Amino acid sequence: MPVGAVIGLNLNGVNGHPFHLHINPFQLTTNPADTVNNYFLAGDWHDTLLTPDGNLNVRIQTDYFVGKQVFHCHILEHEDQGMMMVTEITGTEGTLYTG
């Protein structure tokens, strides 16, 4: 995943699992099925999401930081059972999105 880019992610299977992303927040591209009294709306930026949707698209902007980044379920038992992924942001530290 390059630094200084906007990356689209399809969160498939997050239904009922609080999805959490370290380092860079994500932006919702559509409203989830349950907006939690309008807390989760398209265009909003978050680092944790809880939705009954099984499939939701988000985007992240990878500015500044290069190195490892963790995505995981915020239920610790689920994280411990493997609902965690490490990704790598590559490029020159400090690069900004210019698009």
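A.B. asks: Quick rundown of the overall build of the chain? Include the residues and the values.
C.D. replies: Looking only at helices and strands, one finds 1 helix and 8 strands in the chain. N-terminal to C-terminal, the α/β element order of the chain is β-β-β-β-β-β-β-α-β. Taking 2.2 N^0.38 as the reference for a compact globule, 99 residues should give roughly 13 Å; the C-alpha atoms of the chain span a radius of gyration of 14 Å, in line with that estimate. Dimensions of the chain, computed from C-alpha atoms along their principal axes, come out at roughly 35 × 30 × 15 Å. The buried share of the chain, reckoned over its 99 residues, is 36%. In the chain, once contacts between residues fewer than 6 apart in sequence are set aside, the share between residues at least 24 apart is 67%. By element, 52% of the accessible surface of the chain is carried by carbon and sulfur atoms, the whole surface being about 5,600 Å².

A.B. asks: Before we move on, can you summarise the pairing of strand 6 (residues 55-61) with the specific residues and values?
C.D. replies: Residues of strand 6 alternate between two faces, with L56, V58 and I60 buried on one and N55, N57, R59 and Q61 left unburied on the opposite face. In the sheet, strand 1 (residues 6-12) pairs with strand 6 via 7 bridges, with the strands oriented antiparallel. Looking at the pairing, N10 lines up with N57 of strand 6. With 3 bridges joining them, strand 3 (residues 26-28) and strand 6 adopt antiparallel strand pairing. Residue pairing across strands places L28 opposite V58, the latter belonging to strand 6.

A.B. asks: A description of the packing of aromatic side chains should follow, citing residues and the corresponding values.
C.D. replies: Applying the stated criterion across every chain, the model contains 3 aromatic pairs. Relative to F26, the ring of F19 has its centre 5.5 Å away and its plane inclined at 55°; by these criteria the two rings are tilted. Its relative accessible area of 9% is what places F19 among the buried residues. Since its relative accessible area comes to 0%, F26 is described here as buried. With 5.9 Å between their ring centres and 45° between their planes, F19 and F71 make a pair best called tilted. One end of the pair, F19, is in strand 2 (residues 19-21); the other, F71, is in strand 7 (residues 67-73), with 52 residues separating them in the sequence. The structure contains a cluster of three or more aromatic residues connected by ring pairs, namely F19, F26 and F71.

A.B. asks: Tell me about the pattern of salt bridges, and please be specific about residues and values.
C.D. replies: Inspection of every chain in the model, using the stated rule, returns 1 salt bridge. Between K68 and E88 there is a salt bridge whose closest N-O contact spans 3.7 Å. With K68 in strand 7 and E88 in strand 8 (residues 84-89), the pair connects residues that are 20 residues apart, well separated along the chain.

Parameters at a glance
- Residue numbers restart at each chain and count upward from 1, following the sequence in its written direction.
- A pLDDT threshold of at least 70 governs which residues receive local features in this predicted model, and a stricter bar of 80 or more applies before side-chain atom pairs are shown or counted, although totals over entire chains, interfaces and linings include all residues.
- Note that water and hydrogens are dropped before the side-chain values are worked out from all heavy atoms of the structure.
- Under the scheme used here, helices are H or I runs from DSSP no shorter than 4 residues and strands are E runs no shorter than 2 residues, and both carry numbers assigned from the N terminus.
- For the radius of gyration, the atoms used are the C-alpha atoms, and the globule rule reads 2.2 Å times the number of residues raised to 0.38.
- Only protein chains enter the accessibility calculation, which uses a 1.4 Å probe; a residue is then buried when its area is under 20% of its type maximum, exposed when over 50%, and partly exposed in between.
- Any two residues having at least one pair of non-hydrogen atoms within 4.5 Å are treated as being in contact.
- Calculation of accessible area relied on Shrake-Rupley with a 1.4 Å probe; when residues are assessed, cover is drawn exclusively from the protein chains displayed.
- In this description, strands pair whenever DSSP reports at least two bridges between them.
- Here a Phe, Tyr or Trp ring, Trp counted by its six-membered ring, pairs with any other such ring whose centre lies within 6.5 Å, and the pair is stacked when the planes are under 30 degrees apart, edge-to-face when over 60, and tilted otherwise.
- Here, a salt bridge means any Lys or Arg side-chain nitrogen found within 4 Å of an Asp or Glu carboxyl oxygen.

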